[in-house]
Each structure stands twice: as structure tokens, then as C-alpha cells.
Number of protein chains: 2
Amino acid sequence: MPASPTDTASTTRERILDVALELFTSQGYDKTSLREIAERMEFTKAAIYYHFASKADILKALHMRLHDFGRDSMESMEDEASLEAWATLLEGLIDQMLAQRALFMFHERNQAAIEALHDEAHEGEHRDIQDWFRQVLSNEKLPAETRVRLACAIGAVMGGLAFSGEVFASIPSDELGGMLRRAVGSLLDAPSP
Amino acid sequence: MPASPTDTASTTRERILDVALELFTSQGYDKTSLREIAERMEFTKAAIYYHFASKADILKALHMRLHDFGRDSMESMEDEASLEAWATLLEGLIDQMLAQRALFMFHERNQAAIEALHDEAHEGEHRDIQDWFRQVLSNEKLPAETRVRLACAIGAVMGGLAFSGEVFASIPSDELGGMLRRAVGSLLDAPSP
DNA sequence: GTCTATATAGGGATAGAC
DNA sequence: GTCTATCCCTATATAGAC
């Protein structure tokens, strides 16, 4: 989908997105001005408008990165889902999530701004991981206990992820991944009595 | 600390805070204007300045509500903390958190804004639950696996909480509380092999 | 593709009347 | 305690030169 002229890896557009990702995550979307982004890019505010139609457009582009994430995982299991299948899937996703943790933290810290985006322009079929999680959790065919367990498992991973850059910085990613997988296992392999 | 003239329960100030809590949670702090709050209060923007020195002051006041929350829990166990002690404490906190879930969701969705507050005015000894969690999680005396488990447990509760108003709305609070307690138990009662 | 203006609006905050 | 009117600043966005 992203088709630059020569389709090189690191275009200006991508670099803007990387800067924005960092600033939006550390300061929040609203508190980050285009001037600030431009300063880091070492050109002026107006130049950004050559690459993006609006500030919201930058947010949307970043949001799209999450869309791409795990698209195949979502397609692999549509409606039906046993607890075991979920455990396996989630555990498989952890490494990818750790590798992309900047992206997840960005989303966690800018939910409000991103939701505002959805309200206006839900053009075409959306369906990012969050929507997908939400849909499964609201599937009333599954017993309540199962759905709550699932929500806890997702929350647990997010919790571990959120601290991975700060207080868990000294723990290597693969070790952290192992710990998170075991935690998810504890949550999902022990059904109600 | 909140000393109104007659110290009645529901003062205008408190009502402003309630409105702000709702709007800040649903739209985010930055996207909510004082004009919007004033409209709901059925008076004008400027009137708010009689009760609060600034918009940030409103945010701070709401933040203080979290400060009060579980202050005693924090004092009861300072540094030393076994995994069992933590499990007990966390399970005991769940009901209170559920009762105050609006407050927690507000915090989750406005982390960036609240952090900006901390940076400027860390007047006096702060120490809300989040700070406290963070401190424990960074205590290198505890084994990494334990700390990660703890982070997961906290995340699990937050995960369950976050959906309690939406997809879990049909589940009674006390039942949801029980499920969350069992989930926390699964996470913290099964140490590494 | 990046720049220098400049237009415009919205929101936070103040002064002072009632 | 609440209101009107107003100031001021910042941020988005545009127009058009280089």
C-alpha cells in the first residue's frame, strides 16, 4: 500500500512518521506541535504539509501501522475460538508485540485522539487489533469467565509491555517474552473450577 | 484538605470536577475546552476561574482523588513485600477499584497530560498508586520473574476494568470482581518452575 | 521539496460589572 | 458567585516564492 516514487525504505515521509511516533508517545498527540516535529526534521512546519494533508493525517498514518500488524493472525481465526486457540495465538503474538512495543505504547497513550479519528472517518472496512479484541470479548456465546480471562491476558501482556522500556529495561527481550508467555499460560490454562 | 465555607458534600466545585471527569475520560483532557465544561454546568467559561486557578488545576484536583485512593494500603506495606502479600493486597483492592473505575479510566486515558503536571509541580511528597507500583516493580532485589508477574497482575486488573463499562457491562460488579480475583490468583500463586 | 510569510480560529486567562 | 467583554497567545493551515 505505501507506494513512494522509487519505493525506497526510508523516505522523508517515513522519517516524519518516526519522529511523530516518538513525540506523540512521550508527550501525547495534542501537546506535540507540528513546529516541534519540523524542528527535529530540521526544516520548517510548512514543509510537513507537503507530505501530509493535516496533523490528523499523520496520526492516521501511524494508526495504519497497527492495522497492518497481525492482520494475518486475525484472518486465520475468524469467529470460532477456543480458549486454547487463543492462548496459542496470543503467546505467538508476544514476540512481535515486543518488537513493536513503541507502536503499542503510542496507541495506549493516544487512545482519545485516535478514537476521534475513527468517529469522523471510518471510511472503508476498518478492523485493527483493538477492534478485533473488543469484538471477541463481547461475543456473548463465550462464557463470561472465559471472556474476562481473555481480557486479563491481553491486559497482562500490555502491562508487561508498558514497563519494558522503563523498569524492565535491563531484562533482555527474549527473556521478557518468555515470562509473558508463562504468565498468559497461567491465566488461560486454568479454567474455572 | 477540601475546605469549603460550610464544607457541604456536593459543592459547585465538586460538580465541576464530576463533569470534567466525564469529559476528560470520554474526549481526553486536551480536546475538552473550558467552554464545554461551562456549558454543561449551565454557566460561562469565566465562572470556572472562580473555582479553579487554571485548567491544569482541575486536572490536578482530579489527580488528587487518586492520591487519596488506597493511601492506607500503601502505608501498610512499605518496602518488603512477598508475592503472597502482594496477591492478598491486590485482591483486596479490586472491589475498590471497580467502584472507582471511572477514576482509573480517566487516569489511563490521560497519562500524558498528568505526567506533564508532575514535571512542573512536584511540590511536596507525591506518591500515588501508580508511582508506588512503579517503585515496587523497579525494586531489583525482587527476582525479575516476580516483578514481571506483578506487572502482569496489575495489567490484568486494568484490562478487566477497562472493559467493565463496555463489553462487560452485563456482568454484575461483584461477579466481575470475583473473576478478577481468581485471575490474579492464577498469576501470582504459580511461581516459576 | 523546502522556504517565508500570513491568514484564521480557538482556547486559556484577566478585568471588572452586576 | 456568575456574567460580559476582551486580550493574548499558540497552533493549524494556506499562498506563493525559491
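Located above this text is the structure these notes cover.
Note that the structure is a prediction, hence the values are computed from the model and not measured.

K.L.:
Mind showing me how you'd approach empty space enclosed by the protein here?
P.N.:
Over the atoms, a rolling probe the size of a water molecule traces out where space has been left empty. Going through the model one piece at a time under the given rule, you end up with 1 cavity of 30 Å³ or more. Of the voids in this model, the largest cavity is the one considered here, and its volume is about 170 Å³. What lines the largest cavity is a set of 20 residues, among which D30 and R109 of chain A together with D30, R109 and A112 of chain B lie closest to the centre.

K.L.:
Just to check I follow, could you spell out the relation of the copies chain B and chain A for this structure?
P.N.:
Both copies of the chain are tied together by a single rotation about an axis and a shift running along it. Superposition of chain B onto chain A requires a rotation of 180° combined with a translation of 0.0 Å along the rotation axis, giving an RMSD of 0.1 Å. Considering both components of the superposition, the chain copies are consistent with a two-fold axis. A high fraction, 100%, of the interface residues of chain B reappear at the interface in chain A, so the copies pair face to face through one surface.

K.L.:
Help me understand the protein's contact with DNA strand C in this model?
P.N.:
Taken together, 16 residues surround DNA strand C, and among them F43 and T44 of chain A together with K45, Y49 and K55 of chain B come closest. Each atom of DNA strand C within 4 Å of the protein belongs either to a base or to sugar and phosphate, the latter forming 61%. The side chain of Y50 of chain A places a nitrogen or oxygen atom 3.4 Å from a phosphate oxygen of DNA strand C. Listed by contribution, the elements that provide at least two residues to the surface near DNA strand C are helix 3 (45-51) of chain A together with helix 3 (45-51) of chain B. Residues that form the surface near DNA strand C fall into these classes: 7 nonpolar, 6 polar and 3 charged.

K.L.:
Any chance you could explain the protein's contact with DNA strand D here in plain terms?
P.N.:
Near DNA strand D there are 16 residues, and of these K45, Y49 and K55 of chain A together with F43 and T44 of chain B occur at the shortest range. Each atom of DNA strand D within 4 Å of the protein was assigned to sugar, phosphate or base; sugar and phosphate come to 59%. K45 of chain A places a polar side-chain atom, nitrogen or oxygen, 3.4 Å from a base oxygen of DNA strand D. Between a phosphate oxygen of DNA strand D and a side-chain N or O atom of H51 of chain B, the distance comes to 3.1 Å. Residue assignment for the surface near DNA strand D shows that the elements contributing at least two residues are helix 3 of chain A together with helix 3 of chain B. Looking at which element gives the most residues to the surface near DNA strand D, the answer is helix 3 of chain B, with 4 residues.

K.L.:
Help me understand the packing of helix 6 (residues 83-99) of chain B against helix 11 (residues 173-188) of chain B in this model?
P.N.:
Describing two packed helices takes the angle between their axes plus the distance from one axis to the other. Residues and elements named next belong to chain B. The contact between helix 6 and helix 11 brings their axes to 9 Å, and the two run at 160°. Here helix 11 runs roughly antiparallel to helix 6, going by the angle between their axes. The two elements helix 6 and helix 11 meet at a crossing, and its hand is right-handed. Side by side, helix 6 and helix 11 meet where L83, W86, A87, L90, E91, I94, D95 and L98 of the first sit next to S173, L176, G177, L180, R181, V184, G185 and L188 of the second. Of the residues contributing to the contact of helix 6 with helix 11, the split by class is 10 nonpolar, 3 polar and 3 charged.

K.L.:
Just checking my understanding: could you explain unusual backbone geometry for this structure?
P.N.:
If a residue is not glycine, its phi is most likely negative; likewise, a peptide bond is most likely trans. Residue and element names in this part refer to chain A. A positive phi angle, near 65°, is found at E42, a position not held by glycine. Checked against the element boundaries, E42 lands in the loop between helix 2 (34-41) and helix 3. Judged by its relative accessible area of 74%, E42 is exposed.

K.L.:
It is not clear to me how the nonpolar core should be interpreted in this structure. Could you clarify?
P.N.:
Soluble globular proteins: nonpolar side chains tend toward being buried together. Residues I37 of chain A together with I37 of chain B are the most contacted members of the largest nonpolar core, which totals 126 residues. Not counting residues up to four positions away in its chain, the partners in contact with I37 of chain A are I16, V19, A20, L23, F24, T32 and I48 of chain A.

K.L.:
Would you take a moment to explain the interface of chain B and chain A for this structure?
P.N.:
How big an interface is tends to be expressed through the accessible area that disappears when the partners come together. At the junction of the two partners, chain B supplies 40 residues and chain A supplies 40 residues. Interface area, chain B with chain A, both sides summed: about 3500 Å², of which 61% is carbon and sulfur. On inspection of chain B and its partner chain A, the count reaches 8 salt bridges. Between chain B and chain A we count 12 residue pairs in polar contact (both at pLDDT 80 or more) in total. Taken together, the elements giving at least two residues each to the side of chain B that touches chain A come down to helix 8 (111-120), helix 9 (129-137), helix 10 (144-162) and helix 11 of chain B. Residues belonging to the side of chain B that touches chain A are distributed by class as follows: 20 nonpolar, 8 polar and 12 charged.

K.L.:
Please explain the pattern of salt bridges as it appears in this structure.
P.N.:
Opposite charge on two side chains lets them pair, provided their charged atoms get close. Residues and elements named next belong to chain A. A complete count under the given rule lists 22 salt bridges over all chains for this structure. Here R35 ties to E39 by a salt bridge, and the two come within 2.7 Å at their closest N and O atoms. One end of the pair is R35 and the other is E39, both in helix 2 and 4 residues apart, which spans about a single turn. Shared partners join several salt bridges into a network, and the residues in it are E14, D18 and R65.

Conventions and cut-offs
- Residues numbered from 1 in each chain as written.
- Chains lettered and ligands numbered in written order.
- Predicted model: local features only at pLDDT ≥ 70, side-chain atom pairs only at ≥ 80, totals over all residues.
- Heavy atoms only, no water.
- 1 Å grid on protein atoms, 1.4 Å probe; cavity = no way out; pocket = protein on both sides within 12 Å on 5 of 7 lines; lining within 4 Å.
- Points joined across faces, edges and corners; volume = space filled by probe spheres on them.
- Least-squares fit on C-alpha atoms with pLDDT ≥ 70 in both.
- Contact = heavy atoms within 4.5 Å.
- Near = heavy atom within 4 Å.
- Polar contact = N/O pair within 3.5 Å; in protein donor to acceptor, adjacent residues only side chain to side chain.
- Helix = DSSP H or I, 4+ residues; strand = E, 2+ residues; numbered from the N terminus.
- Nonpolar A, V, L, I, M, F, W, Y, C, P; charged D, E, K, R; others polar.
- Axes fitted to C-alpha atoms, helices over the stretch in contact; angles between N-to-C directions.
- Parallel < 35°, antiparallel > 145°, perpendicular 65-115°, else oblique.
- Left-handed = near helix turned anticlockwise from the far one by under 90°.
- Buried < 20%, exposed > 50% of the residue type's maximum accessible area, 1.4 Å probe, protein only.
- Core = buried A, V, L, I, M, F, W, Y, C linked by side-chain atoms within 4.5 Å.
- Buried area = accessible area lost by both parts, 1.4 Å probe.
- Salt bridge = Lys/Arg side-chain N within 4 Å of Asp/Glu carboxyl O.

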